[in-house]
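What follows is the residue order along each chain.
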Protein chains: 4
Amino acid sequence: MFTSDTQIRVRYGETDKMGIVYYGNFPLYFEVGRTELIRKCGLTYRKLEDDGIVMPVISLNIKYHRPAYYDNLLTIRTIMRELPGVRINFRYEIINENKELIAEGETTLVFTNAKTKRPRKAPDYLLEALRPFFV
Amino acid sequence: MFTSDTQIRVRYGETDKMGIVYYGNFPLYFEVGRTELIRKCGLTYRKLEDDGIVMPVISLNIKYHRPAYYDNLLTIRTIMRELPGVRINFRYEIINENKELIAEGETTLVFTNAKTKRPRKAPDYLLEALRPFFV
Amino acid sequence: MFTSDTQIRVRYGETDKMGIVYYGNFPLYFEVGRTELIRKCGLTYRKLEDDGIVMPVISLNIKYHRPAYYDNLLTIRTIMRELPGVRINFRYEIINENKELIAEGETTLVFTNAKTKRPRKAPDYLLEALRPFFV
Amino acid sequence: MFTSDTQIRVRYGETDKMGIVYYGNFPLYFEVGRTELIRKCGLTYRKLEDDGIVMPVISLNIKYHRPAYYDNLLTIRTIMRELPGVRINFRYEIINENKELIAEGETTLVFTNAKTKRPRKAPDYLLEALRPFFV
């Protein structure tokens, strides 16, 4: 299991008239979480794209437990439970400064050849970079 | 079962560098869908808020089947399967001009007293407005 | 002078905790306005991109006069004062249901060759399509 | 003159199909910049709101010089040239890792009584907190 924590500060524009973070902004927070998890293993999602791999999301689930507010410093905990094949799965927990669980969720993405639009396996260099975290 | 179809045109700012609608914009499309479903029964979500009711989302699921592109005219089909109690559930299908299913999803919201932040039942006038669609 | 009116309904996710449309969402509304103006002359911005032309924005000005609220049906009036050369200029007025001026603004975009990233003139077929509106 | 530098990492969802940061996302970056400038003087915009002051934006200007890309680590330089009265003005420069100027802009906001919606002067405690930076 590979876990990465990163922090974001809630922006004013991410709130809605209810005074809380709009439910539709959590997928953006999740994206930040998985980007930083990949960086933690020494690669970047950007490099994957430069190598002709794109990773469209095929499923998303979110449970919203408590509201998040403007200017909150949120921790995005991103968890990879197993090494990716053609698909890659991330779980997320959003936690506020009081250690309260704001939301949790899950996304599945598919490694895709950017040109042919065909699914493909995760590249070997990504698996090698991830393996040390799964020992 | 109460179904409402509404259309939106994909905005440039809703796409991402993959050239497709960013996965995090679908919750916004779903919001448009449920807003228009409520309008179809003769009420507005805005009126509910004016009456001191807010409806935070507590869960969201999305399956992404095909990409949506800039300038696509998408149909948001919103489906209410049963009358709401304290919770209200909406299902969604996003369909493109070629009748292809782009994405489908589901949200659950909770009727909440805006002042006390306590859950409450759907107001009677909403149930009365919805009932004709469930006969 | 070529003017195009189009309408949008304010989405919940476009408001902020002040209870009004977030100031950063108006550029998105302007984009809808100029997209529809181009459609009105019989072309689409999407076709321009398919022909290898992109149009990055190089300047933006907005004056905010009155707040816009959730569920407001806004008219986006987009005005082209002169035929484009290498640059194309659009002016905008956002007007609410009570005919009140919410905001006005201006953007300048540059016709750019998508491959070379070099500025270029507006394509002839766009000028021909626009000319009837300037007689 | 009071200057504050803060950094943000460009999110995937902030790019558009041109492969660059959507022009409409810069107002969000500017908001982060002015929020951090206020934090630097020992206060928070959030505290101002808790004290019944809201600060709607009345004007925005942006010049876009170069594109910003996904995963770029951008510096938002925010500059306050003079102490606020009823209005407060911020200037911004967005700079990339190669010290290139991506964009520059300006916003004016108005101190407003949240209840009466009337303009008012900047609160004394804000002026006191800012004054040391203007000596």
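Before any of the text, the structure's been laid out above.
Bear in mind that the values here come from a model prediction, so they are computed numbers and not experimental data.

(A) Just the packing of aromatic side chains, in detail. Residues and elements named next belong to chain A. This model, assessed by the stated rule, comprises 40 aromatic pairs over all chains. Ring geometry for F2 against F133: centres 3.9 Å apart, planes inclined by 15°, an arrangement best described as stacked. In this pair, F2 is assigned in strand β1 (residues 2-9) and F133 in the segment after α3 (124-130), connecting sequence segments 131 residues apart. Judged by its relative accessible area of 1%, F2 is buried. For F133, a relative accessible area of 29% gives the class partly exposed. An aromatic cluster is built from Y22, Y23, F26, Y29 and Y64, whose rings are joined through pairwise contacts. The aromatic ring of Y125 is capped on one face by K47, whose charged end is 4.8 Å from the ring centroid.

(B) Geometry of the sheet that holds strand β6 (residues 101-110) of chain A. Pairing is antiparallel across the open sheet formed by 10 strands, whose spatial order is β1(A)-β4(A)-β5(A)-β6(A)-β3(A)-β3(B)-β6(B)-β5(B)-β4(B)-β1(B). Every interior strand has two partners, whereas the edge strands, β1 of chain A together with β1 (2-9) of chain B, have only one. Each neighbouring strand pair of the sheet contributes to a mean axis angle of 15°, computed without reference to strand direction. Relative to strand β6 (residues 101-110) of chain B, strand β3 (residues 57-64) of chain B runs antiparallel, the two sharing seven bridges. Its bridge partner being in β6 of chain B, I62 of chain B is matched across the sheet by G105 of chain B. Helix α1 (residues 26-40) of chain A rests against β1, β3 (57-64), β4 (73-80), β5 (87-95) and β6 of chain A of the sheet, and its axis sits at about 130° to β1 of chain A.

(C) Structural detail: the relation of the copies chain B and chain A. Rotating chain B by 180° and translating it 0.0 Å along the rotation axis places it on chain A, where the RMSD comes to 0.0 Å. These values place the two chain copies in the arrangement generated by a two-fold rotation axis. For chain B, the smallest separation between a C-alpha atom and the rotation axis is recorded for N61 of chain B, amounting to 2.2 Å. Mapped onto chain A, 100% of the interface residues of chain B are again interface residues, and the two copies thus contact each other with one and the same surface.

(D) Focus on the relation of the copies chain D and chain C. Overlaying chain D on chain C yields an RMSD of 0.0 Å, the required transformation being a rotation through 180° with an accompanying axial translation of 0.0 Å. When the interface residues of chain D are mapped onto chain C, 100% of them again fall at the interface, so both copies present the same face.

(E) Here's a closer look at the interface of chain D and chain C. Listed by partner, the interface residues are 24 residues for chain D and 24 residues for chain C. Three residues, M18, Y23 and L60 of chain D, lead the burial of chain D against chain C; their summed loss comes to 31% of the area buried on that side. Linking chain D with chain C are two salt bridges. One salt bridge in this structure joins K17 of chain D and E49 of chain C, with 2.3 Å as the shortest N-O distance. At the junction of chain D with chain C, the criterion picks out 12 residue pairs in polar contact (both at pLDDT 80 or more). Top contributing element to the side of chain D that touches chain C by residue count: strand β3 (residues 57-64) of chain D, with eight residues.

(F) Inspection of helix α1 (residues 26-40) of chain B at higher detail. All names here are of chain B. Compared with the 21 Å implied by 1.5 Å per residue over 15 residues, the 21 Å span of α1 between its first and last C-alpha is a close match. Burial within α1 is extensive, with 13 of its 15 residues counted as buried. Trailing α1 by a residue or two, G42 shows a phi angle of about 100°, which is positive.

(G) Spotlight on the pattern of salt bridges. This structure, assessed with the given rule, holds 36 salt bridges over all chains. Across the pair E36 of chain B and R39 of chain B runs a salt bridge, and its minimum N-O distance is 2.9 Å. Taken together, the positions of E36 of chain B and R39 of chain B, both in helix α1 and three residues apart, correspond to about one turn of that helix. Here E36 of chain B falls in the buried class, since its relative accessible area comes to 19%. Looking at R39 of chain B, the relative accessible area reads 23%, which means it is partly exposed. One salt bridge connects D51 of chain D with K47 of chain D, and the closest N-O pair in it is separated by 2.8 Å. The class of D51 of chain D is partly exposed, set by a relative accessible area of 38%. For K47 of chain D, a relative accessible area of 33% gives the class partly exposed. Residues participating in the shared-partner salt-bridge network are R11 and E14 of chain A together with R11 and E14 of chain D.

What counts, and at which threshold
Residues numbered from 1 in each chain as written. Chains lettered and ligands numbered in written order. Predicted model: local features only at pLDDT ≥ 70, side-chain atom pairs only at ≥ 80, totals over all residues. Heavy atoms only, no water. Phe/Tyr/Trp six-rings, centres within 6.5 Å; stacked < 30°, edge-to-face > 60°. Helix = DSSP H or I, 4+ residues; strand = E, 2+ residues; numbered from the N terminus. Buried < 20%, exposed > 50% of the residue type's maximum accessible area, 1.4 Å probe, protein only. Lys NZ or Arg CZ within 6 Å of the ring centre and 35° of its normal. Pairing = 2+ DSSP bridges. Axes fitted to C-alpha atoms, helices over the stretch in contact; angles between N-to-C directions. Contact = heavy atoms within 4.5 Å. Least-squares fit on C-alpha atoms with pLDDT ≥ 70 in both. Buried area = accessible area lost by both parts, 1.4 Å probe. Salt bridge = Lys/Arg side-chain N within 4 Å of Asp/Glu carboxyl O. Polar contact = N/O pair within 3.5 Å; in protein donor to acceptor, adjacent residues only side chain to side chain. Expected span 1.5 Å × (residues − 1).

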